[in-house]
Number of protein chains: 4
Amino acid sequence: MGIMRALVKTKPAPGLELLDVPRPEAGPGRVVVRVMATSLCGTDNHIYRWDEWAQGRIHPPRIIGHELCGEVVEVGPNVTMVAVGDYVAAESHITCGVCFQCRTGNAHVCKDYRILGIDEDGSYAEFVRLPERVLWKTSREIPPELACLQEPLGNSVHAALVEDITGQSVLITGCGPTGLFAAAVARTAGAGLIIASDVSDYRLDLARKLGVDHAINPNTDDTDLIKRATNGEGVDVALEMSGSPTAIHKCFRYVKNGGRVTLFGIPAAQVAFDMPNEIIFKGIRVYGVTGRRLFQTWYRLAGLFKAGLDIRPVVTHTLPLDKFAEGFDLVAKGQCGKVVLRP
Amino acid sequence: MGIMRALVKTKPAPGLELLDVPRPEAGPGRVVVRVMATSLCGTDNHIYRWDEWAQGRIHPPRIIGHELCGEVVEVGPNVTMVAVGDYVAAESHITCGVCFQCRTGNAHVCKDYRILGIDEDGSYAEFVRLPERVLWKTSREIPPELACLQEPLGNSVHAALVEDITGQSVLITGCGPTGLFAAAVARTAGAGLIIASDVSDYRLDLARKLGVDHAINPNTDDTDLIKRATNGEGVDVALEMSGSPTAIHKCFRYVKNGGRVTLFGIPAAQVAFDMPNEIIFKGIRVYGVTGRRLFQTWYRLAGLFKAGLDIRPVVTHTLPLDKFAEGFDLVAKGQCGKVVLRP
Amino acid sequence: MGIMRALVKTKPAPGLELLDVPRPEAGPGRVVVRVMATSLCGTDNHIYRWDEWAQGRIHPPRIIGHELCGEVVEVGPNVTMVAVGDYVAAESHITCGVCFQCRTGNAHVCKDYRILGIDEDGSYAEFVRLPERVLWKTSREIPPELACLQEPLGNSVHAALVEDITGQSVLITGCGPTGLFAAAVARTAGAGLIIASDVSDYRLDLARKLGVDHAINPNTDDTDLIKRATNGEGVDVALEMSGSPTAIHKCFRYVKNGGRVTLFGIPAAQVAFDMPNEIIFKGIRVYGVTGRRLFQTWYRLAGLFKAGLDIRPVVTHTLPLDKFAEGFDLVAKGQCGKVVLRP
Amino acid sequence: MGIMRALVKTKPAPGLELLDVPRPEAGPGRVVVRVMATSLCGTDNHIYRWDEWAQGRIHPPRIIGHELCGEVVEVGPNVTMVAVGDYVAAESHITCGVCFQCRTGNAHVCKDYRILGIDEDGSYAEFVRLPERVLWKTSREIPPELACLQEPLGNSVHAALVEDITGQSVLITGCGPTGLFAAAVARTAGAGLIIASDVSDYRLDLARKLGVDHAINPNTDDTDLIKRATNGEGVDVALEMSGSPTAIHKCFRYVKNGGRVTLFGIPAAQVAFDMPNEIIFKGIRVYGVTGRRLFQTWYRLAGLFKAGLDIRPVVTHTLPLDKFAEGFDLVAKGQCGKVVLRP
């Protein structure tokens, strides 16, 4: 058994430790992947900060991290879908396979799934063990710092494309990574108009780099721009990617009658709605979106890359594994798009 | 010009007056219908009581009423779709025909529609004038006291069948007329399990007459019945027909991951949601439903009648026009299903 | 190891032999089911007759049969979803689990599936070995002679409900078992009008027992009845369950513009279409349907049973296993609905 | 009343005559449009050649032409949606508004529609009279030689986007104008792979200019390229835009199990299908597509233009009205994309 470096939540307290730990071994239906890139997610930041949610959910010791790509270096018995040398990313939800949701095409809302880096040791390490069925073979044309982002990017693909978006007008509230990814996806999918909003000018600059039509800061800009840009109609599609109550209400205000709203961002507290005017009389469809459809979203994403989806502007920082603290500081300050670690 | 009896909101105050007024005449594209039955709606009760909503919306004098059936007795120039003698009901939304919604198959959420009995004189009268395009030819096999109910029944058809319900488990919160109608529709459409809830035992009795599997009073019954009746899964479909915040949350609590919620009932105040747990992580679809699809819902309803849809238990009272005050008292007390007036 | 009786295709020739053979044993992920009822399918009849298709597809020796229900009597290692004593039916398609179709919710058109009773020993026996993942736990309220029919009935559920059928007018061509099942499903699902056609008066009688509105024999009846019964519009839905070219064209002729056609019946030869007038200018949707959605169709079917789906009139004959020849004779003559064997 | 130049089918024989005719006048609900550009369609060529179809359908004298854009120069009584000076294109189907299809959102398959340039005088003229409700206000950013193409382009939008195409692999058979337009639409909508096929190298060159991934000539190229380019899976989507029986079968052969086929091209004779292997066992969806959805397709197209849809390579020739014979010769020889006339 070998040794590897890994970022471990060793105790119930803020921070992570970079340690030498035993390298995992493959088992039945499981493989070992050498991690080539792994990225920082808001969830990881919660665990790093050890906030209330993390305290109730994580049981140290645990290697965290769930966004990754790498190369298969060992396969266990009964593994048939991948081979040593394959270049792969991974679905982070390890679903039960037997619940109603899993058996009816909705495994992304499995009633009993386990999450990589939370319920099992994750990817902030040189190697990670994974069930073969969560692996996603990836084209070598996609470099590791992008390939590792397919998991969070898949969230945005799912959120943006839960209904067809081609030729439609789109409001995206929140220009964190998933909002930015959603903008890139909508652009590639032929959205006719994309308005992105955020309170951070740094993030709005990133949105502009992705080619949105309008990037607006509700603190300083005239938000009636949305009405003007849509001839007073409002948008066909609103993608709520921020969790901000103000932004949530903006989505319901500006979506047109008969339109659709995707809710992806997680508010920190309850949000009160004027249901008749925000939802019922508008005759809209509201989608709660979480995770990625297994594996429709992954196939769709592969097609989007072929169609020219370019998310490089979102990757603002690439760091070696031991600079993780610097990465989490960037996340805390919001002065970054996606931060990628290279173990 | 003849004279007819009509219930008129003559002044900005509670009540209605039964008066002799001029009988309307047909005009270009318009017809006169002799009203054979017209029913009481919650909206009419708001106008009768002259509550805050009504004070801001109604401009007396106005003949109210918008649920009706009758016989065409006069047709104006350019009328081509109906003829004198036709037995008809009427869509109550007089849509603009030119807005985005009207031009893309969503006229039920027209940005500029007028409502019969609110923006134009309505059906609590011996005769009513209507644009031909809102008329719906009805089979004579459906007697007037049921035919006049097609407008509110259409709401329930729209709400229940916004997605296929066949073979699915359904929770219906609220057993007022639209909830009861939704139960009848779901039963006819082959729902596998129907659980109806209401705080009124009177209304639960009506639900039982419509053949629901379980009629539960959350004040007295064990609401865990919903979990037990669905093997712990929750329901595939929740139809919120009450507007009660408690009931609304029940829908989101008991719908299964990947299921759908229809929101039809109108809450009186804002409702606060735990969005992650009630919507987002469940991966559900939420539909705001209002009105009827023009005219898909009406065709669907005609098919449901042929399929055996039986709403007779919902019609608890039929009164002559001059007993209207008795009808509104029944509505106020909740001791009724649908109250039908026969002018 | 025990002995059991089974119907075996022992050699490449017509017929089957009732033999004593070794009783199967469970293995990893596999269970043994004591067969309580197993029914005759057209496919089995092809194998029995040893027609050209069977000669190219079946490799004797083989126990045939793929429609069954029974009780689990032995479970192998790693079996988690069922237990000894469970009352089960079985999906007959043993899908690969790894192809594009399997990974995107379309396992019913898996590129590499194996079929029970063709590629593996089947259910015309006292016991059968099955992978646990094809088992479907069934309510004991459904007796064996109906529970074994869930596989073919699932075909009809899939065919009829590929789109919502509630309140719609339906033409069903072909009143063999799958056509009859489709009629029963459409009736339970609230179809507004059901017209069934077949050239066999025996089968039309069965259709009438299932409550269709019209059962017509194109050889003797006025087929313009379809136009009359639909006010000249044609039907919303045509379900082609016969494979007869005449019937296929009837579906395309009588479906209304904008309607849908399900193609399920298998024609024996090529069929020539007037594509512009039968498909393109009508703006219709045509669905090729095979198998059952895994496992949406099975859940849907369970709900339909709860909704009152009654297929008993279709089960015209129940025979002991050793009377199989009598059963196949009935199938050959078309003087039966479904024939069930009780091992 | 003024005089204008127009191309008139004056008698039941091949050809057209350029004549001075009375300029049309607006009437109730009707407007006069000064034609700025009008394009040649295959239908117009049939009329020009006076083939069997044209002989049965056209009643001279008739000004033909139905693809146009221009400026409103006169409005009749009751016209409310457009004004003098508006820049407009036109839907060529003048639908009845009262049939089942028109009342349920499927006016594109209206049972009783009239066609511009066939049933009413058309656009090969300096002026054309049109009902206001078929007009489509167009952005001045789209020049006349492209704006006039919105009608045929709408066919391709409808055909390509009848289901979401983003991220999917697409086979387009036929690179006439509608096939080329479909390629441009699919590219803008983010299709992951586009393979276009045609027997004309001239047209394949146009396809390449639109950015398809592969442009193949089945007479000379290795059509197994389709399998190779899709990893042996076949395509998600096949768009049949040619009407060629060989191409039609190619669509059904190469679409993957569970995929979809759009049928738009019109074959000249019956086409025989191996239904089990081409449709049923593949579990595919087949869409007959004709016309444009009123007006969803038009709105969608406006959004596509904003998303960057560029169809300029398809417009290979622009001619003055009096050079019409040269245009029809180009069409007959297939040495053109779209030919636009400028009256």
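Structural notes, computed from the coordinates. (Residues numbered from 1 in each chain as written. Chains lettered and ligands numbered in written order. Predicted model: local features only at pLDDT ≥ 70, side-chain atom pairs only at ≥ 80, totals over all residues. Heavy atoms only, no water.)

A few words on the overall build of chain A. Secondary structure summary: chain A contains 12 helices and 19 strands in total. Its C-alpha atoms put chain A at 65 × 40 × 35 Å along the principal axes. Looking at the 343 residues of chain A, the share that counts as buried comes to 64%. Of the contacts formed within chain A by residues at least 6 apart in sequence, a portion of 69% connects residues at least 24 apart. Of the roughly 12000 Å² of accessible surface on chain A, 48% is carried by carbon and sulfur atoms. Averaging the coordinates of the 37 positive side-chain charges in chain A and doing the same for the 38 negative ones gives two points 2 Å apart. (Helix = DSSP H or I, 4+ residues; strand = E, 2+ residues; numbered from the N terminus. Buried < 20%, exposed > 50% of the residue type's maximum accessible area, 1.4 Å probe, protein only. Contact = heavy atoms within 4.5 Å. Areas by Shrake-Rupley, 256 points an atom, 1.4 Å probe, with all protein chains shown as cover. Lys, Arg positive; Asp, Glu negative; His and termini not counted. Charge placed at Lys NZ, Arg CZ, Asp CG, Glu CD.)

Once turned by 180° and shifted 0.0 Å along the axis, chain A lies on chain D with an RMSD of 0.0 Å. Both chain copies can therefore be described as sitting about a two-fold axis. Closest approach to the rotation axis within chain A is made by the C-alpha atom of alanine 189 of chain A, at a distance of 2.3 Å. (Least-squares fit on C-alpha atoms with pLDDT ≥ 70 in both.)

Another aspect to go through is the environment of alanine 26 of chain C. Residue and element names in this part refer to chain C. With respect to the secondary-structure elements, alanine 26 resides in the loop between β2 (17-22) and β3 (30-39). Taking the relative accessible area as the measure of exposure, alanine 26 reaches 18% and is therefore buried. Considering only alpha carbons, one finds alanine 26 and valine 128, 102 residues apart in sequence, at a separation of 9.4 Å. Sequence-distant contacts of alanine 26, that is, excluding residues within four places in its chain, are made with Val31, Val32, Glu74, Val75, Gly76 and Arg129.

Next up on the list: the sheet that holds strand β4 (residues 62-63) of chain D. All names here are of chain D. Pairing is antiparallel in the open sheet, where three strands are placed in the order β2-β1-β4. Strand pairing shows two members of the sheet lacking a second neighbour, β2 (17-22) and β4, which therefore form its edges. Of the pairings in the sheet, the one linking strand β1 (residues 3-9) to β2 comprises six bridges and is antiparallel in character. Bridge pairing in β2 links valine 8 to glutamate 17. (Pairing = 2+ DSSP bridges.)

Before going further, it helps to examine the relation of the copies chain B and chain A. Relating one copy of the chain to the other takes a rotation about an axis and a shift parallel to that axis. You can overlay chain B on chain A at an RMSD of 0.0 Å; the transform is a turn of 180° with a shift of 0.0 Å along its axis. The share of interface residues of chain B whose copies in chain A are also at the interface is 100%, consistent with both copies meeting through the same surface.

In this section: the interface of chain A and chain D. Between chain A and chain D, the contact holds 15 residues from the first and 14 residues from the second. The largest per-residue losses of area from chain A upon contact with chain D belong to Asp164, Thr166 and Arg300 of chain A, which jointly make up 38% of the total buried on that side. Linking chain A with chain D are two salt bridges, by the criterion used here. With a closest N to O distance of 3.1 Å, aspartate 164 of chain D and arginine 300 of chain A form a salt bridge. Linking chain A with chain D are seven residue pairs in polar contact (both at pLDDT 80 or more), by the criterion used here. The leading source of residues in the side of chain A that touches chain D is helix α11 (residues 296-306) of chain A, at five residues. Looking at the side of chain A that touches chain D residue by residue, the class counts come to six nonpolar, six polar and three charged. (Buried area = accessible area lost by both parts, 1.4 Å probe. Salt bridge = Lys/Arg side-chain N within 4 Å of Asp/Glu carboxyl O. Polar contact = N/O pair within 3.5 Å; in protein donor to acceptor, adjacent residues only side chain to side chain. Nonpolar A, V, L, I, M, F, W, Y, C, P; charged D, E, K, R; others polar.)

Right, let's get into helix α12 (residues 324-333) of chain D. All names here are of chain D. For α12, the complete set of buried residues consists of Phe324, Gly327, Phe328 and Leu330. End-on, the buried residues of α12 take up no more than an arc of 155°, which puts them together on one face. Considering only its buried residues, α12 is in contact with β1, β2, α1 (42-49), β18 (315-320) and β19 (338-342). Once α12 ends, the next one or two residues include glycine 334, with phi positive near 70°. (Arc of directions from axis to C-beta.)

As a further point, take the interface of chain B and chain A. How large an interface is tends to be reported as the accessible area lost when its parts come together. Chain B puts 37 residues into the contact, and the matching count from chain A is 37 residues. For the pair chain B and chain A, the summed buried surface comes to about 3100 Å²; carbon and sulfur atoms form 62% of the total. Three residues stand out in chain B for area buried against chain A, namely Asn257, Met275 and Ile280 of chain B, and they jointly supply 18% of the buried area on that side. Between chain B and chain A we count two salt bridges in total. Glutamate 233 of chain A serves as the salt-bridge partner of lysine 111 of chain B, at 3.2 Å between the closest nitrogen and oxygen. Here chain B is connected to chain A by 11 residue pairs in polar contact (both at pLDDT 80 or more). Among the elements of the structure, α3 (100-103), β15 (255-263), β16 (271-273), α10 (275-280) and β17 (285-288) of chain B are those that each provide at least two residues to the side of chain B that touches chain A. Its residues assigned to classes, the side of chain B that touches chain A comprises 20 nonpolar, 10 polar and seven charged. Direction of pairing for strand β17 (residues 285-288) of chain A relative to β17 of chain B: antiparallel, over a ladder of three bridges. Residue arginine 285 of chain A lies in a different strand from β17 of chain B, and its bridge partner there is tyrosine 287 of chain B.

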